[in-house]
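# Inside the fold
Here's the letter readout for the chains.
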Amino acid sequence: MPYRLEKTYSFAAEDRLRIDYQVTNLSPFPFAFLWAAHPLLRIEEGMQIIVSRRVERDCRLLFGT
């Protein structure tokens, strides 16, 4: 899937969490997409979602896994 999905957490103030989202279509084809609490992707058998080690580490820090 030649798309980049980014979600960035930052603190705009000590008591205010800011979440920014960015979707980049790296393919030459149109891409309909809706970002909800989780990405709503049409997954088919054999597809994979590959995340970087940084994402894995950040998720462990955020969610305590």
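Predicted, not measured: the structure shown is a model, and the values here were computed from it.

### Brief notes about the overall build of the protein chain
Along the protein chain, the regular secondary structure elements total one helix and two strands. Buried residues in the protein chain amount to 3% of all 65 residues. In the protein chain, the share of contacts with a sequence separation of at least 24, taken over all contacts with a separation of at least 6, comes to 22%.

### With respect to the pattern of salt bridges
Oppositely charged side chains can form a pair if their charged atoms are brought close together. Per the counting criterion, the structure on display carries two salt bridges. In this structure, the salt-bridge partner of Arg18 is Asp20, at a minimum N-O distance of 2.9 Å. The exposure class of Asp20 is partly exposed, given its relative accessible area of 29%.

### Some remarks on the environment of Tyr21
Along the chain, Tyr21 falls in strand 2 (residues 16-25). Note: C-alpha distance between Tyr21 and Trp35 (14 residues apart in sequence) is 8.3 Å. When residues no more than four places from it in sequence are discounted, the contact partners of Tyr21 are Glu6, Lys7 and Trp35.

### Thoughts on the confidence of the model for the protein chain
On average, residues of the protein chain score 78 in pLDDT, and 75% of them reach the 70 mark or higher. Taking the mean pLDDT of every element in the protein chain, the minimum, 68, falls on helix 1 (residues 53-63) and the maximum, 85, on strand 2.

### Re the pairing of strand 2
Bridging between strand 1 (residues 3-13) and strand 2 involves ten bridges; their strand directions are antiparallel. Looking at the pairing, Glu6 lines up with Gln22 of strand 2. Counting the residues between successive antiparallel strands, the hairpin from strand 1 to strand 2 contains two residues.

### A short note on the side chain of Ser27
Within the secondary structure layout, Ser27 lies in the loop between strand 2 and helix 1. At a separation of 2.8 Å, a polar atom in the side chain of Ser27 contacts the side chain of Asn25. A polar contact of 3.1 Å, which involves the side chain of Ser27, links it to the backbone nitrogen of Phe29. If we skip the residues at most four places from it in the chain, Ser27 touches Pro2 and Tyr3.

### Concerning the environment of Ile49
Note that Ile49 resides in the loop between strand 2 and helix 1. For Ile49, a relative accessible area of 60% translates into the label exposed. With sequence-adjacent residues up to four places away left out, Ile49 is seen in contact with Leu41 and Ile43.

Conventions adopted
Residues numbered from 1 in each chain as written. Predicted model: local features only at pLDDT ≥ 70, side-chain atom pairs only at ≥ 80, totals over all residues. Heavy atoms only, no water. Helix = DSSP H or I, 4+ residues; strand = E, 2+ residues; numbered from the N terminus. Buried < 20%, exposed > 50% of the residue type's maximum accessible area, 1.4 Å probe, protein only. Contact = heavy atoms within 4.5 Å. Salt bridge = Lys/Arg side-chain N within 4 Å of Asp/Glu carboxyl O. pLDDT = per-residue confidence, 0-100. Pairing = 2+ DSSP bridges. Polar contact = N/O pair within 3.5 Å; in protein donor to acceptor, adjacent residues only side chain to side chain.

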